[in-house]
Amino acid sequence: MALLELKGVTKVYQQGKIEVPALRGIDLTVEAGEFTTLFGPSGSGKTTLLNLVGCLDKPTGGTILFDGQDLAALSKKELAMIRREHIGFIFQSYNLIPVLTAYENVEFAIRLVNKHSDREIKDKVMGILAAVGLEGLENRRPNELSGGQKQRVAIARALVKEPKLVLADEPSANLDSKTSEEVLAVMAKMNRELGTTFIFSTHDPLVMDYARRLLEIRDGVITLDRRRDEAIVSH
Amino acid sequence: MSFLVRLAFKNLFRHRLRTVVSIGAIAFSVMVVVFARGYVTGMVHSVTADHIQYNSGHIKIVQEEYYRQERLLPLNHSVDGLGEGGLDEMIGKLEELDGVNMVIPRLKFGAMVSTGDELLTLGGWGVNPELELAFTDIEDSLVEGRMIQPGRLEVVMGTKLLDKIDRRVGDKVTVVFNTAFNSLSGVTFEIVGRLKSGLKLLNEAVFLLPLDEAQRLLYMDDQVTELLLVTEDVGKIEEVLPKIKALLSEDGRYLALSYRETSDLIPFMDLAELIYNQVYFFLVVLACVIVVNTMIMIVAERTKEIGMMAALGLERRGIMELFLIEGGIMGVVGSLLGAMAGWLITSYFAEAGLDFTQAMAGIDADVPFNAIIYPSASLGNTVFAFLLGVVIVTLACLIPARRAANLEPTVAMRGA
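Since this is a predicted model, take the numbers as computed values, not measurements. (Residues numbered from 1 in each chain as written. Chains lettered and ligands numbered in written order. Predicted model: local features only at pLDDT ≥ 70, side-chain atom pairs only at ≥ 80, totals over all residues.)

Some remarks on the overall build of chain A
Worth spelling out the cut-off: Helix and strand assignments follow DSSP, with helices taken as H or I runs no shorter than four residues and strands as E runs no shorter than two, numbered in order from the N terminus. C-alpha atoms define the radius of gyration, and 2.2 Å times the number of residues to the power 0.38 defines the globule rule.
Summing up its helical and strand segments, chain A has seven helices and eleven strands in all. A compact globule built from 235 residues should have a C-alpha radius of gyration of about 18 Å, and chain A, at 18 Å, falls within 12% of that. Expressed as lengths along the three principal axes of its C-alpha atoms, the size of chain A is roughly 50 × 40 × 40 Å.

As structure tokens, this is what we get:
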């Protein structure tokens, strides 16, 4: 079964009396374990699409099935539960809590799930921090970490609860190319080892190089869907 | 400790100065509440205690006609026993009543003393020194000399009165007064003690002499103008009063009045206490404006962070909890500091007193209002102010907390 199925998804924003269409009928299927990049110019609808599949917003029309569940039928509380348990987020500006250490920032995400004992939480947090290469830096606060290290903390925070889907909005935008590559390598490794599905939104060609599926979006429509080992599928 | 509590605690250290200012505002208002409430309570206690000690006892027995003319201190409406029985028998019967601890007789009369240039009008109080020392705090006011003794022509006077008539302890003073037969009489007494009291009445308006001498000089043997009854405690008054009224009904001339019935000031004091309780509430609310303002700033600054937390799955309730805990910690710390500071200040003034003698110089001596106020430092008052601070600050934080919780994650993450 596909992890994500979008059928005829539209999203229209209301700006005063003017209706601004952001997505105009998206049909898309994402299988579990995919490493997908969504690219396109600013204002093309990338972030809107990520918000919809990330259960942060509801579509104006069409249906979104997450793991077979119709998101339109869920309440805000149920959507929050899906985000808490099954979706990890990585943001462009890291969005770490500055007063918490690297360990505590990661701990925050797994504490929300509220399913693990203190011992399990400690093991999982230490394990994921080691996996993203932050062993020994657990007690540093974000202002004591480099940009790359901060983004690794954000990755660890997204992955610690072992989500089905990780959504990354411009994860390399604030990083130099060397650091970007390191961070992408970490995410690719997690994708391989844990089988986590990744969807990126990006302008960065480096990110596209890492992706095994490329989706181009323009004016709210997917204009290109290419898998590495497949022929280009034009919409 | 829950993760949210830990996070809320750490958040307070983001902008230390701002947190300190907010906590300081709460602490200051709670401190003022502790002190103001202690001050008002002390004032009410003082007015009540002075009224009970020097005017009414817990229950006052007077002739009905005397009560109507009390300001004139008439001698022809005295308490002289029940029916054919004498005063001692009446006192004995009253003392036998269950709940009555003490019966204090007083004989009050008008008198005059010459300063050389003018005549001062005074009140003479014939009293039983032993009972007065047992019931009132007059011993604390006796700053020089000793208390009067029965069977002697001696008086105790207030400091201000002695200044006015230019006498000292050990001097003689001649007092002029009307007897019960309306004849003018003058007697010279030895001044054996000097009172210094915040109560204008004791300081300059009355003098004390032995009851037996007052009865003899006024031709009022076995008579007094009033009997003051002291019950086991104030709460027993309502229980004892009907028994006394029943006993007095066999004579028909007397009134038995509880201390509340004989004071014009105490009902106003009760009203003032109620009004002040509302003032304390608004005082803390005022401090809350600073805290709410701080919290609104915090919400605005952390909009993206709130959006991120919501995106990670923290529900509306969790976001509200986080901000309420932050405000609550400020409320607890501020209120605790304020309550402690207020308690210390109130305790200091409870010992030292606040002297308003100059300010109250123009107030009539009949008003039983002590110019030295001793605030009441009580644990109950301190705990009340602490809880008031914590509850009001936490409730006030509901406004910014709701604001934070109502942010849509997608909008918040854009920093809108």
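Considering the overall build of chain B
Filter applied, for reference: Partly exposed residues are those whose C-beta has more than 12 but fewer than 20 other C-beta atoms within 10 Å; with 20 or more the residue is buried, with 12 or fewer it is exposed, and the C-beta atoms are placed from the backbone. The contact criterion used here is simple: two residues whose C-beta atoms, placed from the backbone, lie within 7 Å are in contact.
The helix and strand tally for chain B stands at 16 helices and twelve strands. Scaling as 2.2 N^0.38, a compact globule of 416 residues should have a C-alpha radius of gyration of about 22 Å, whereas chain B reaches 31 Å, well beyond that. Referenced to the eigenvectors of the C-alpha coordinate spread, the extents of chain B come out at roughly 100 × 50 × 30 Å. In chain B, which comprises 416 residues, the proportion classed as buried is 44%. Within chain B, residue pairs in contact and separated by at least 24 positions form 81% of the contacts whose partners lie at least 6 positions apart.

Side note on the sheet that holds strand β5 (residues 69-70) of chain A
All names here are of chain A. Rule in force here: Strand pairing follows a simple DSSP-based rule, namely that at least 2 bridges must link the two strands.
One open sheet accounts for four strands, arranged β2-β1-β4-β5; its pairing is antiparallel. The open sheet is flanked by β2 (18-30) and β5, the only strands paired with a single partner. Judged from the two bridges that link them, strand β4 (residues 61-66) and β5 form a sheet pairing that is antiparallel. Across the sheet, the residue bridging to L65 is D70, located in β5.

Considerations on the pairing of strand β6 (residues 87-90) of chain A
Residue and element names in this part refer to chain A. The alternating pattern of β6 places I87 and F89 and G88 and I90 on opposite faces, both of which are buried. Inspection of the sheet shows β6 paired to strand β7 (residues 165-169) by four bridges, in the parallel sense. If you follow I87 over to β7, its bridge partner there is L165.

With respect to the pairing of strand β9 (residues 213-218) of chain A
All names here are of chain A. Here four bridges tie strand β3 (residues 35-39) to β9, and the two strands are oriented parallel to one another. In the sheet register, T36 faces β9, and the bridge partner there is R213. Where β9 lies against strand β10 (residues 221-227), six bridges are found, and the strand directions are antiparallel. Residue pairing across strands places I217 opposite I222, the latter belonging to β10. Taken together, β9 and the strand that follows it, β10, pair antiparallel across an intervening segment of two residues, in which D219 is found at a positive phi of about 50°.

Here's the deal with the confidence of the model for chain A
Under the convention used in this document: pLDDT: the predictor's confidence for each residue, scored from 0 to 100.
Looking at chain A as a whole, the pLDDT averages 89, with 97% of positions reaching at least 70. Segment residues 230-235 of chain A is flagged for pLDDT under 50; beyond a separation of four residues in sequence, or across chains, it makes nine contacts in the model.

Focus on the domain arrangement of chain B
Residues and elements named next belong to chain B. Short version of the rule: An automatic or database domain assignment is the source of the domain bounds shown. Each residue is assigned to one of three groups, with Ala, Val, Leu, Ile, Met, Phe, Trp, Tyr, Cys and Pro labelled nonpolar, Asp, Glu, Lys and Arg labelled charged, and all others, Gly among them, labelled polar.
Partitioning chain B into structural domains gives domain 1 (3-51 + 266-413) and domain 2 (58-258). When each unit is reduced to the centre of its C-alpha atoms, the spacing between domain 1 and domain 2 is 48 Å. Listed by partner, the interface residues are eight residues for domain 1 and six residues for domain 2. Looking at the side of domain 1 that touches domain 2 residue by residue, the classes come out as five nonpolar, two polar and one charged.

A short note on helix α1 (residues 46-53) of chain A
All names here are of chain A. Along α1, eight of the eight residues are buried, which leaves the element largely enclosed by surrounding structure. Of all the residues in α1, the buried ones are K46, T47, T48, L49, L50, N51, L52 and V53. Looking one or two places after α1, you find C55, whose phi comes out positive at around 60°.

Examining the packing of helix α1 (residues 3-11) of chain B against helix α13 (residues 316-352) of chain B
The description of two helices packed together rests on the angle between their axes and the distance between the axes. Residues and elements named next belong to chain B. Keep this limit in mind: Geometry is summarised by axes, namely lines fitted to C-alpha atoms with helices restricted to the contacting stretch, and by angles between N-to-C directions that run from 0 to 180 degrees. Here the word oblique covers every angle except those under 35 degrees (roughly parallel), over 145 (roughly antiparallel) and from 65 to 115 (roughly perpendicular). In this scheme the handedness of a crossing depends on how the near helix is turned from the far one: anticlockwise by less than a right angle means left-handed, clockwise means right-handed.
Between α1 and α13, the least distance of the axes is 9 Å, while the angle of their chain directions is 50°. Classified by the angle their axes make, α1 and α13 are oblique. In the packing of α1 onto α13, the handedness of the crossing is right-handed. Contacts between α1 and α13 involve L4, V5, L7, A8, F9 and N11 from the first element and G318, E321, L322, I325, E326 and I329 from the second.

Re the interface of chain B and chain A
Often, the extent of an interface is quoted as the loss of accessible area on bringing the components together. On the chain A side, the residues contacting the 16 residues of chain B number 18 residues. Where the side of chain B that touches chain A is concerned, the elements lending two or more residues are α1, α12 (303-311) and α16 (409-413) of chain B. For the side of chain B that touches chain A, the per-class residue count stands at eight nonpolar, three polar and five charged.

Section: α13 of chain B
Quick note on the threshold: One less than the number of residues in a helix, times 1.5 Å, gives the span that helix is expected to have.
Helix length check: α13 of chain B, at 37 residues, gives a terminal C-alpha distance of 53 Å against a target of 54 Å (1.5 Å per residue), a fit within 8%. After α13 of chain B finishes, the residue G353 of chain B shows a positive phi value of roughly 80°.

A look at the nonpolar core
Spelled out, the test is: In these notes, a nonpolar core means any group of buried Ala, Val, Leu, Ile, Met, Phe, Trp, Tyr and Cys residues linked to one another through C-beta atoms within 7 Å.
In this structure, I155 and A156 of chain A together with V30 and V291 of chain B are the most contacted members of the largest nonpolar core, which totals 129 residues. Of the residues forming this core, the biggest block, 14 residues, is contributed by helix α2 (residues 16-56) of chain B. F177, F189, I191 and L218 of chain B belong to the second-largest nonpolar core, a separate cluster that totals 53 residues.

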